[in-house]
Amino acid sequence: MASHKEFQTAGKEPGLQVWRVEKMDLKPVPKQHYGNFYNGDAYILLYTTRGLSYNIHIWLGEESTVDEQGGAAVFATQLDNFLGGSPVQFREVQGNESLTFSGYFKSGIKYKKGGVASGFQHAETNEMNEKRLLHVKGRRVIKATEVDLSWSSFNKGDCFIIDLGKDIYHWCGSDCNHFERMKASQVAIHIRDNERRGRAKLHMINEGEEPDAVINVLGPKPNIPAGEDDDESTDRANKSKGSLYLISDAAGSMKTTLVAQSSPFKQEMLSPSECYILDNGADKKIFVWKGPDANKSEREAALKVADHFIKQKNYPKNTQIQVMAAAGENTLFKQFFSNWKDKYQTTGPGKAYTIGSIAKVEQIPFDSSKLHNKPDMAAQHCMVDDGSGKVQIWRVEGGDKTPVDPSNYGQFYGGDCYLVLYTYKSGGREQHIIYTWQGLKCSKDELGASAYLTVQLDDSMGGSPVQVRVTQGQEPAHLVSLFKEKPLVIHLGGTSRKGGQTQAGSTRLFHIRQSSTKATRAVEVEPSAASLNTNDVFVLKSPDAMFLWRGEGATEEEMTAAKHVESLLRGNATQVAESKEPAGFWSALGGKKEYQTSKSLQRMVKPPRLFGCSNKTGRLIAEEVPGDFTQMDLATDDIMILDTWDQIFLWIGNEANEAEKKGCVKIAEDYVNTDPSGRRNIPIITIKQGAEPPTFTGWFHAWDPKMWDTNPWERITL
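Residues numbered from 1 in each chain as written. Predicted model: local features only at pLDDT ≥ 70, side-chain atom pairs only at ≥ 80, totals over all residues. Heavy atoms only, no water.

By the naming in an unreviewed UniProt entry, the chain is Macrophage-capping protein, taken from Myripristis murdjan. The chain has a UniProt comment under Subunit (unreviewed entry) that states "Interacts with NUP62. Interacts with NUTF2 and RAN; involved in CAPG nuclear import." A UniProt comment under Sequence similarities (unreviewed entry) is attached to the chain, and it reads "Belongs to the villin/gelsolin family." (UniProt positions renumbered as here; feature names shortened; annotations may be inferred.)

Quick look at the structure:
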C-alpha cells in the first residue's frame, strides 16, 4: 500500500503530530493550534513514545462528511502500515474522545465551528481580530465548544471564554465553583500563551461584573438561566462488562463469532493466528486485537469490521474504536483479563521492556505509566527538540531583567521570577520560545513585572516567539531538558540575587527524580523522613553532615544528578543505601517516620488511576482524570479515588459535601467489585485533605503540603 509523503517524518521523534484531511489530502496542523478541532473536519493524530511505540487516532467532527471520514480511515491504515503494523489505532468522535486522546491536551480540547470546506484554516497567525464565544465544560476532561456569540448561549452553572482577539475574557457563572473556574482558566491561558503567543490580555470576570467591552459585543445583558444537568450517569457495574468475539473471513466475508459472553477473560483465549473484538459497548468502547500471525486481510479490515459491528449492535455512532496489535495492548484492554501477563513483566525494581518491533524502554520509577498508553509530558507540552539550542536566562529584579550568570543556569529559586529565551532551528528557520518561570514565593510586583518583561522581549523580537508561563513545580519536560546532563534544581525559597531576601534553612532535603523524557529535576522539599520515597534519590544537608540517600528503586541517572546537587551545596556527602541509614541521618530529619515504600510503586505493572466523585450535577458520578495526574487535579470540593492496584485511596476534599462523603465509599467498593479483571477485596483507605500519609503523597512528584494554604485558582490566573 502506498503511503503519503507526510509520513516520511512520522514517528521519528517522541511527541504528538497532527494532520487535517483536506480535499482527500493531508495537511499538518501548526503546533500552537494543537487541541483545536473544526467540527466539520476529520484529523489524523500520531503520538510517539520515548520507546518509539505509537498511537494513531482518527478524529471525526460531528459535521464531517462521509468522504472525509473515509479518507481519514485510508490515511490511518497507510500510516499503520508505514509504521510496521504495531501502532494502537483509535477512532475518536467529537464529544466522546478516549481518555488517552484527552490526556494529550491537559489545557482542554477546543471545538471550533466550520471546517476546510468553509474556508477555515489553522493559520499561523496571532488571530488578534478574533471574535468568538467558547462554552467550557468538564471538571476532569476539559472541552471548550464554540457557540453563538450571544447572551442566549450563557448559563449560570458554567464558564465561558469571550475571545475578542487582543482581549480574552474568562466569564464565570454565579453557580460555578473555584475548581471549575481553575480548569476553565487553563483553556483561557492556553489561548493567550499559544494561539496569541502571550500578546493578548486575559481578564477574569464574574457574572454581573461585565465590562463595557463585553456589553458592546454582546449587547444588553438579559437574565441568565441556570445551568443544565447534561452529564451522563455512571453505571459502573454495566460499563465494566465485556464480551469477546472472533473475527473470521473463512467464508469469504468478515464475520464475528462469540467466544466468551462475559469478562473476566483468560489471556489464553487470544490465538496469535486470529483477530478478535472485545465488546465494551455499554461504555461506548470497542477493542480490536490483531494476532501477529493473523492473515493480512483480517488485519487490514479491522477498523472496517469494528465499524460494521457497532452498526450491527445499534451502538451510538460516537462509540470509540481502539485497534491494537499483539504486544501493544493498553491498560484499558488488559483490565478485562484476570491473568494478563506481559512478556517482560517485572516483579521488583529493575528494567521493563516492551516487545515486538518496539524498542526496549528503561523502566522509570513511578512514571512508568507513561511507557504504556498514557501520554507523557513530551506530548502535553510539545517537545519541539532535544533542548540542544541556545539558552539565555534573566532574573526579574526591580522591574527590569538582569542576566543570570551562565554558571548558575539550571537553578531556580522560589523567591524569584525568571525569563528563559530558547532559540533553535526548525525547517531551516530560527524559532524562539520564551519561558516565564514564576516562583511560589515571589512578590506580586515581580509576577506583574515578569509578564510585562515577557511581552517586551517578545516585541523586541518581532512578536515571533512562543510564550510559555511556568509556575514553580509545573515545569514542562522541554524546559527541564535545556540544561543538558544537569538536573533542573528548584530551591524551595530564597533568591539568586546577592544578599538574598531569605536565608536558606539549616537543614535542606532535595528530591531527585527522572521523568520518562529522561529529564531530571531536583526539587527541594520539607526536610522530614515522610518526604522520602523508595524509588528515588535524596540529598540531605544538615549543619553537621551531608547524606546522599538512594532508594531501592532509584536509577544511576538519578544518582549522577544527586552528585551535581551535592556539589552545589558545597559538601562531601556520605552515600547511604535504603535500610542501612546511620542514626545521624534520621536525627537530621527529626526522627524516623513512615514514608513511601510501596512495592507496587517499584513494580508498576499497573499504572495508577485517579477518579473524581462529584454530585454537582444532582447525582453522584465518577470521572477519570486523563493523562498524567498532578496534585492540582485533586478537587477540594470533591472526593477523589486513587487506584494503585493493590489498594484504593479515598481522598476527601475539605469542601466535599455530606452526600459525596457518604456515597463515595459505595462507589469505591463497586469500582473494585466490578473490576473486569476479577480483582476483589483489596484495602480501601480513607484520608482527608491536609492529613495525607506518604503512602498517598508518594504517587505525586514533589508533593507540596502547603499548596492549599492559598487559592490555586488565584495563583494560576496571575
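Having seen the model, we can carry on.
So, about the side chain of Asp633. Following the sequence through the fold, Asp633 ends up in the loop between strand 31 (621-624) and strand 32 (639-643). Residue contacts for Asp633: discarding those within four places in its chain leaves Lys106, Phe179, Lys183, Leu610, Val625, Asp628 and Met640. (Helix = DSSP H or I, 4+ residues; strand = E, 2+ residues; numbered from the N terminus. Contact = heavy atoms within 4.5 Å.)

With that settled, the discussion passes to the pairing of strand 11 (residues 167-172). Counting buried positions over the 6 residues of strand 11 gives 5, a clear majority of the element. Relative to strand 11, strand 10 (residues 159-163) runs antiparallel, the two sharing 5 bridges. Across the sheet, Ile161 pairs through a bridge with His170, a residue of strand 11. (Buried < 20%, exposed > 50% of the residue type's maximum accessible area, 1.4 Å probe, protein only. Pairing = 2+ DSSP bridges.)

Now for the sheet that holds strand 20 (residues 411-413). As summarised here, the arrangement of the 7 strands in space is 20-24-26-25-27-28-29, forming an open sheet in which the pairing is mixed. Each of the sheet's edge strands pairs with one partner strand only, and the pair in question is strand 20 and strand 29 (574-577). Here the strands of the sheet are splayed against their neighbours by 20° on average, with no regard to which way each runs. Note that strand 20 and strand 24 (residues 488-491) share 3 bridges and pair parallel. Pairing of Phe412 across the sheet is with Ile490, part of strand 24. Sitting on the sheet, helix 12 (residues 556-568) is in contact with strand 20, strand 24, strand 25 (508-514), strand 26 (520-525), strand 27 (537-541), strand 28 (546-550) and strand 29, with an inclination near 150° to strand 25. (Axes fitted to C-alpha atoms, helices over the stretch in contact; angles between N-to-C directions.)

Under the counting rule described, the total for this entry stands at 25 salt bridges. With a shortest N-O distance of 2.8 Å, Asp307 and Arg91 are connected by a salt bridge. Residue Asp307 is located in helix 7 (residues 302-312), and its partner Arg91 is located in strand 6 (residues 88-93); the two are separated by 216 residues in the primary sequence. Note on Arg91: relative accessible area 10%, which makes it buried. A salt bridge links Lys137 to Asp158, with the nearest nitrogen and oxygen atoms 3.3 Å apart. With Lys137 in strand 8 (residues 132-137) and Asp158 in the loop between strand 9 (143-147) and strand 10, this pair connects stretches of sequence that are 21 residues apart. What makes Lys137 partly exposed here is its relative accessible area of 24%. For Asp158, a relative accessible area of 11% corresponds to the buried category. (Salt bridge = Lys/Arg side-chain N within 4 Å of Asp/Glu carboxyl O.)

What follows is about the packing of aromatic side chains. A full pass over the atoms with the stated rule returns 38 aromatic pairs. Plain terms: the ring middles of Trp59 and Tyr111 are 6.2 Å apart, the flat faces sit at 25° to each other, and that makes the pair stacked. Separated by 52 residues along the polypeptide, Trp59 in strand 5 (residues 54-60) and Tyr111 in strand 7 (residues 109-112) bring together distant segments of the chain. Each of the two residues, Trp59 as well as Tyr111, counts as buried. Here the guanidinium or amino end of Lys401 rests over the ring plane of Trp394, the centre of that ring lying 5.5 Å away. (Phe/Tyr/Trp six-rings, centres within 6.5 Å; stacked < 30°, edge-to-face > 60°. Lys NZ or Arg CZ within 6 Å of the ring centre and 35° of its normal.)

Attention now goes to the nonpolar core. Grouped together as the largest cluster of nonpolar side chains are 33 residues, with contacts concentrated most on Ile44, Leu46, Leu79 and Ile277. Here this core takes 6 residues from helix 7, the largest share from any one element. Counting the residues that make up this core, at least three belong to each of domain 1 (15-106) and domain 3 (243-338). For Leu79, the residues in contact, after removing those within four places along its chain, are Phe7, Ala10, Trp19, Ile44, Leu46 and Ile56. (Core = buried A, V, L, I, M, F, W, Y, C linked by side-chain atoms within 4.5 Å. Domains from an automatic or database assignment.)

Moving on, we get to the pairing of strand 15 (residues 275-280). In terms of burial, strand 15 is a largely internal element, 6 of the 6 residues being buried. Residues Cys275, Ile277 and Asp279 line one face of strand 15 and the alternating positions Tyr276, Leu278 and Asn280 line the opposite face, and both faces are buried. The pairing of strand 15 with strand 16 (residues 285-290) spans 6 bridges and is antiparallel. Within strand 16, the position partnered with Asp279 by the bridge is Ile286.

What follows covers the environment of Cys417. Mapped onto the fold, Cys417 is located in strand 21 (residues 417-426). For the pair formed by Cys417 and Leu447, sequence separation is 30 residues and the distance between their alpha carbons is 7.0 Å. In this structure Cys417 touches Trp394, Arg395, Val396, Trp437, Gln438, Gly439, Cys442, Glu446, Leu447 and Ser450, once residues within four positions along its chain are discounted.

Turning to helix 1 (residues 66-82), a few remarks are in order. Given a rise of 1.5 Å per residue, 17 residues ought to cover 24 Å, and the 24 Å separating the end C-alpha atoms of helix 1 matches this to within 8%. Among the residues making up helix 1, those that are buried are Glu68, Gly71, Ala72, Phe75, Ala76, Thr77, Gln78, Leu79 and Asp80. Among the structural elements, strand 1 (15-22), strand 2 (25-28), strand 4 (42-48), strand 5, strand 6 and strand 16 are those in contact with the buried residues of helix 1. Remark: Gly84 follows helix 1 within two positions and exhibits a positive phi of approximately 85°. (Expected span 1.5 Å × (residues − 1).)

What follows concerns the sheet that holds strand 31. One open sheet holds the 5 strands; their spatial order is 31-30-32-33-34, and the pairing between them is mixed. Sheet topology places strand 31 and strand 34 (684-688) at the edges, where each strand pairs with a single neighbour. Each neighbouring strand pair of the sheet contributes to a mean axis angle of 25°, computed without reference to strand direction. Sheet analysis places strand 30 (residues 609-614) next to strand 31, joined by 4 bridges and oriented antiparallel. If you follow Cys613 over to strand 31, its bridge partner there is Ala622. Contacts from helix 15 (residues 658-673) reach strand 30, strand 31, strand 32, strand 33 (648-652) and strand 34, with the element oriented near 165° to strand 33.

Attention shifts here to the side chain of Arg609. Here Arg609 shows up in strand 30. Here the side chain of Arg609 touches Glu624 through a polar contact of 2.8 Å, side chain to side chain. (Polar contact = N/O pair within 3.5 Å; in protein donor to acceptor, adjacent residues only side chain to side chain.)

In this structure, Pro264 follows Ser263 across a cis peptide bond, with omega equal to 5°. Relative to the assigned elements, Pro264 resides in the loop between strand 14 (255-260) and strand 15. In this structure, Lys23 is a non-glycine residue whose phi angle is positive, near 50°. Phi angles above zero are rare outside glycine, and Lys284 is one such case at about 60°. Counting through the fold element by element, Lys284 comes out in the loop between strand 15 and strand 16.

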